[in-house]
Amino acid sequence: MKQGHSFFSRKLIGLKLIPFVCLLTVGMICVGLVPKETRAPEKFPETDLVFTSSGGVGFVNADGSELAYLDFSSKIPGATAGSESVNIARPVITGNNRALVAKVDTTFSYVYMTNPNLLVLWHAGKYPIYCSQWGSQYLPLLAKDQNQILINFDQRIESYDLDSCGTDDEPLALYEEISGMPSPDLRYIVRPVDPFDRIIVISDLENGEERTIGMGDYPAWSQDSDWLAYTGEDGIYIVNVVKKTDPIRVLIYPNPVGEIHPTYSDINQIPPPEPLWSPDGKWLVYHRLTADINGSTLPDYFSIFKVSIESGEEIKVVDRGMYPYWRWPVEKP
């Protein structure tokens, strides 16, 4: 599948905001002052949300309580020699609290990597493992049972056990002739029409029907697969896929740097809100810019909010965070 600027492949934003000390002597390279790789605690904090924080991962309940942070650093495959730290983005955590999966993100660092979109697995009590064999991935996509992860390849999606990260294990299942963002029940998929277009197109994999929703990006499915949320040109929208309703705007979010480009454009270099669903389907959680960017690390200038689907009420959860994920419960047998 051709790579482009849609949610399947992102350009690096280029905000190099983490301070590094560089040795400019001939024959030497720029090396960050970073700690050694970090072992995860024996038990992750059991909060509703996990998110990207400055230098690691944050944990907080949906009401803002029990805020906690974990530092994250690791040896980086494919990075310049001497580099031992990397930022992670779009973290997700299993409902049983045993594993956290995230995407390597060099957006706000000086680290050079040959593949800046690797997934990394962080088991409780263990050091991080890079899932290099799965190549570049836009985000970690847990299967509904949360024991497996769905991996997008060229015109196919493969399902793996989480513990297959860093191994040569064969996939548990293979879905051919499709790529994109599948619904949890694997009936629907948001697929790219063209990698450079930001058009939401939903395909019904049971009957082959397709429906073009309109301009949008960063699609996210509800747990029951009935609803799709996405970032539109002027805010966050939802649409009922089963009932084929028209899109409903639940949050107005104008472009913070002007109206020439839509909110989700890479051109303005401001990461837009990426909505994700609460397990009960009553809330969306997302980040948005709340301070002027003038230094330090990128997550420090964003805050995490939730919005009620029913009332449209927006509530701030916590400052200084990005890419929140609302933990879904373990799927019952």
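Predicted model only: the values in this text are computed from it and were never measured.

Remarks on the state of the cysteines
Here is step 1 of the chain: Applying the stated criterion across every chain yields a total of one disulfide.
Here is step 2 of the chain: Between the sulfur atoms of Cys131 and its disulfide partner Cys165 the distance amounts to 2.1 Å. Because the sign of the S-S torsion sets the handedness, a value of about -100° for the bond joining Cys131 and Cys165 places this disulfide among the left-handed ones. Residue Cys131 is found in the loop between β7 (129-130) and β8 (148-153), and its partner Cys165 is found in the loop between β9 (156-161) and β10 (173-176); the two are separated by 34 residues along the sequence. Judged on exposure class, the residue Cys131 and its partner Cys165 are both buried.

Quick notes on the pairing of strand β23 (residues 322-326)
Here is step 1 of the chain: Along β23, five of the five residues are buried, which leaves the element largely enclosed by surrounding structure.
Here is step 2 of the chain: Two elements, strand β1 (residues 49-53) and β23, share three bridges in a ladder whose sense is antiparallel. From the neighbouring strand, Val50 faces β23, where its bridge partner is Tyr325.

Focus: the sheet that holds strand β21 (residues 302-308)
Here is step 1 of the chain: If you walk across this open sheet you meet the four strands as β19-β20-β21-β22, and the pairing is antiparallel. Edge positions in the open sheet fall to β19 (276-277) and β22 (314-319), since each of these has one partner strand only.
Here is step 2 of the chain: The pairing of β21 with β22 spans five bridges and is antiparallel. Bridge assignment links Ile304 to a residue of β22, and that residue is Val318.

Description of the nonpolar core
Here is step 1 of the chain: Phe44, Phe59, Leu100, Trp122, Trp134, Ile149 and Leu284 are the most contacted members of the largest nonpolar core, which has 43 residues in total.
Here is step 2 of the chain: Broken down by element, the residue count for this core peaks at five residues, all from strand β5 (residues 99-105).
Here is step 3 of the chain: Among the nonpolar cores identified, the runner-up in size contains 18 residues, and Ala143, Ile157, Tyr237 and Val241 belong to it.

So, the pattern of salt bridges
Here is step 1 of the chain: Taken as a whole and assessed by the stated rule, the structure comprises 12 salt bridges.
Here is step 2 of the chain: The salt bridge partner of Arg90 is Glu274, with a shortest N-O separation of 2.7 Å. Of this pair, Arg90 sits in strand β4 (residues 87-93) while Glu274 sits in the loop between β18 (248-252) and β19, and the two are 184 residues apart along the sequence. Accessibility classification places Arg90 together with Glu274 in one group, the buried group.
Here is step 3 of the chain: Across the pair Asp204 and Arg187 runs a salt bridge whose closest N-O atoms are separated by 2.8 Å. Here the residue Asp204 occupies a position in strand β13 (residues 199-204), and Arg187 occupies one in the loop between β11 (181-182) and β12 (188-191), the gap between them amounting to 17 residues.

Cut-off values and rules
- Residues numbered from 1 in each chain as written.
- Predicted model: local features only at pLDDT ≥ 70, side-chain atom pairs only at ≥ 80, totals over all residues.
- Heavy atoms only, no water.
- Disulfide = S-S within 2.5 Å.
- Helix = DSSP H or I, 4+ residues; strand = E, 2+ residues; numbered from the N terminus.
- Buried < 20%, exposed > 50% of the residue type's maximum accessible area, 1.4 Å probe, protein only.
- Pairing = 2+ DSSP bridges.
- Core = buried A, V, L, I, M, F, W, Y, C linked by side-chain atoms within 4.5 Å.
- Salt bridge = Lys/Arg side-chain N within 4 Å of Asp/Glu carboxyl O.

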